[in-house]
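Observations on the model geometry
Okay, here's what each chain looks like letter by letter:
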Amino acid sequence: MTDELLSSSNEETTEHELSEILQVRRDKLKKLQDEGRDPFHITKFSRTAYSAEIKDDYEGFENKDVTVAGRVMAKREMGKATFVDIADDRGRIQIYIKLNDVGEQAYSDIKKGDIGDFIGVTGAVFKTKMGEISVHCKSVTLLSKSLRPLPEKFHGLTNLELKYRQRYVDLIMNPDVRKVFEVRSKFISYIRQFLDSRGYMEVETPILNTISGGATARPFITHHNTLNMDMYLRIATELHLKRLIVGGIERVYEIGRIFRNEGISTKHNPEFTSVELYEAYADYNDIMDLFEELISSAALNITGSYKLSWLGHDLDLSPGWPRLSMADAVKQHTGVDFMSFESTQDAVKAAASIGVKMPDGREPTWGDLLYECFDQRVEEKLIQPVFIIDHPVEVSPLAKRKKSDPRLTERYEVFICCSEMGNAFSELNDPIDQKQRFLAQVELRDAGMEEASMMDDDFINALEYGMPPTGGLGIGIDRCVMMLTNSSSIRDVLLFPTMKPIED
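Residues numbered from 1 in each chain as written. Predicted model: local features only at pLDDT ≥ 70, side-chain atom pairs only at ≥ 80, totals over all residues. Heavy atoms only, no water.

**Structural notes on unusual backbone geometry**
Defined as follows: In this text, helices come from DSSP runs of H or I with a minimum length of four residues, and strands from runs of E with a minimum of two, each type numbered from the N-terminal end. Think of it in three bands: residues with accessible area under 20% of the maximum for their type are buried, residues over 50% are exposed, and the middle band is partly exposed, with areas taken using a 1.4 Å probe on protein chains only.
Positioned with a positive phi, N63 is a non-glycine residue whose angle comes to about 65°. Checked against the element boundaries, N63 lands in the loop between α3 (58–61) and β1 (65–78). With relative accessibility at 61%, the residue N63 sits in the exposed group. Backbone geometry places C418, a non-glycine residue, at a positive phi of 65°.

**So, the pattern of salt bridges**
Operational definition: Think of a salt bridge as a Lys or Arg side-chain nitrogen and an Asp or Glu carboxyl oxygen that are within 4 Å of each other.
Considering all chains together, one arrives at 38 salt bridges under this definition. Here D109 and R37 are joined by a salt bridge, their closest N and O atoms 2.6 Å apart. Separated by 72 residues along the polypeptide, D109 in helix α5 (residues 104–112) and R37 in the loop between α1 (15–34) and α2 (51–56) bring together distant segments of the chain. Relative accessible area serves as the criterion here: at 30%, R37 is assigned to the partly exposed category. When the shortest N-O distance is used, the salt bridge between E53 and R90 registers 3.4 Å. Here E53 is found in helix α2, whereas its partner R90 is found in the loop between β2 (81–88) and β3 (91–98), with 37 residues between them in sequence. Its relative accessible area of 33% is what places E53 among the partly exposed residues. Residue class for R90 comes out partly exposed when judged on its relative accessible area of 43%. Salt bridges sharing partners connect three or more residues here, namely R25, K28, D114, D117 and K145.

**Thoughts on a negative patch on the surface**
What counts, and what does not: To count toward a patch, a residue needs a relative accessible area over 30% and no salt bridge; like charges are then connected within 9 Å, while nonpolar side chains (Val, Leu, Ile, Met, Phe, Trp, Tyr) are connected within 5 Å. The protein chains shown are the only cover counted for residues, whose accessible areas, like all others here, come from Shrake-Rupley with a 1.4 Å probe. Counted as positive: Lys and Arg. Counted as negative: Asp and Glu, with His and the chain ends omitted from the count. Note on charges: their place is set at NZ of Lys, CZ of Arg, CG of Asp or CD of Glu.
Side chains of D56, D57, E59 and E62 sit close together on the surface and give a patch of like negative charge. Structurally, E62 can be placed in the loop between α3 and β1. Under the relative-accessibility criterion, E62 is labelled partly exposed at 36%.

**A word on the side chain of D170**
Tracing the backbone shows D170 in helix α7 (residues 167–173). Its relative accessible area of 0% is what places D170 among the buried residues.

**Considering the environment of E450**
On the secondary structure map, E450 appears in the loop between α14 (431–446) and α15 (457–464). A residue is classified by how much of its surface remains accessible, and E450, at 44% relative accessible area, is partly exposed. Linking E450 and T216, residues 234 residues apart in sequence, is a C-alpha distance of 8.8 Å.

**Focus: the pairing of strand β12 (residues 307–310)**
Defined as follows: A pair of strands counts as paired when DSSP detects no fewer than two bridges linking them.
Taking every second residue as pointing to the same face, the buried face of β12 carries L308 and W310, while none of K307 and S309 on the other face is buried. Sheet analysis places β12 next to strand β13 (residues 313–316), joined by 4 bridges and oriented antiparallel. Residue L308 lies in a different strand from β13, and its bridge partner there is L315. Linkage of β12 to β13, two consecutive antiparallel strands, is achieved through a turn of 2 residues, within which L311 is found at a positive phi near 55°.

**Observations concerning the environment of F459**
Note the cut-off: Here a residue-residue contact requires only that any non-hydrogen atoms of the pair lie within 4.5 Å.
Relative to the helices and strands, F459 is located in helix α15. Residues F459 and R243, 216 residues apart in the sequence, show an inter-C-alpha distance of 7.1 Å. Beyond its immediate sequence surroundings of up to four residues, F459 is in contact with L239, K242, R243, Q434 and F438.

**Description of the sheet that holds β2**
The condition that has to hold: For helices, the fitted line uses only the C-alpha atoms of the stretch in contact; every axis is such a line through C-alpha atoms, and the angle between N-to-C directions lies from 0 to 180 degrees.
Taking strand neighbours around the barrel as the criterion, the 5 strands line up as β1-β2-β3-β5-β4 in a closed arrangement whose pairing is mixed. Neighbour-to-neighbour, the strand axes of this sheet turn through a mean angle of 55°, independent of strand direction. The pairing of β1 with β2 spans 7 bridges and is antiparallel. Paired with R71 across the two strands is A87, which belongs to β2.

The structure is reproduced here in structure tokens:
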């Protein structure tokens, strides 16, 4: 049986056929092992060139011997010669193998080998009559045996569930997938370069905590056996980073994994990557400038342009993003003017008039109503980059109040293509006010709101030692990568997204 049996996709292969293919490959391995030629005993192979290097500098490599290695992706037999395409870390290259050049044993091994095997080849670089840059094989070594067939060669891996569950196969079959993760790597590297050059220090803070805080989100709970206590996977890095501001590290950031026990969607995964940064003696206006410069310059640096396409929209990330208060955004898109209401009841009626529904559990405040109107009626209309500033205090327990209107805070969120890309504050540094806001969150939690914050007495203790005026920012790295790669789902930019287990 040959790989021609795989001309239909793996999804269409019956269980009997697949078992037969697996057995044939295992039989081939067993024969090699019985002959003392077990490929899994090979520990090292030294190559001298990669496919892309040879193709990019053919004149420099022409007629010279090279040693290359990679996975067999295609095979074509022509009499006593065989053409094999191998893929390495940087591309693909064709290998030309003749019986008379390598001998009967090696040539037989190649003919009997399978798509997916790894081989190492030494030979001279040349061009075929068709003009394809190739390696004329002088010796070939089987480096690893593939015991499971790859998906059908023309269509690759098309089942989305399988793509996400078996990312390793997706990377083998779909070269463009790798490019997404190259952009992700470049973006994270760029963030580090950008912040390091501005005097920020990168740190690491705990993932396991005795208190869940720093954001409004439901945490994952685990148990520490030795201490016999429940612990929480962090939902934000904020409270530890601000402790470091108290300690005198005036510019600090952390890039790390965040865990939130919430729903899964095209924009949400239970674990995701964020960067949080804090700068002493700055406010949210300074941090707006920083965020805009970071994202726009990253786009230019990585993609070569401020102009991108994402989710069917043409975006312009050129500096100069508009800044709009949440109340003005609601007024602009719904006609409801929250700044004109004289009572909460007026706000209740206005929200109801545009079909906004309030969460059950307590009487809504003016700030609750403003936020829900924005969330339910405005966010979905924000396509081009925009800073939505001055959020209600009820939904901003860690942000400093506005002097001109204590119902609001010096907070902003950045929206692009209806997605929140970043969240920032002039950080609350008044320990008395902070304690009262924590207590309000505790009341909400006691009333059944699992996303509400817990009381963090040690953080209050830290603030009581004194924290300078500080600006802070959190950025969702996954969504930024979605934008930079024109990806429609967060799963496309996570190598191993969270998936429900498959039943046996």
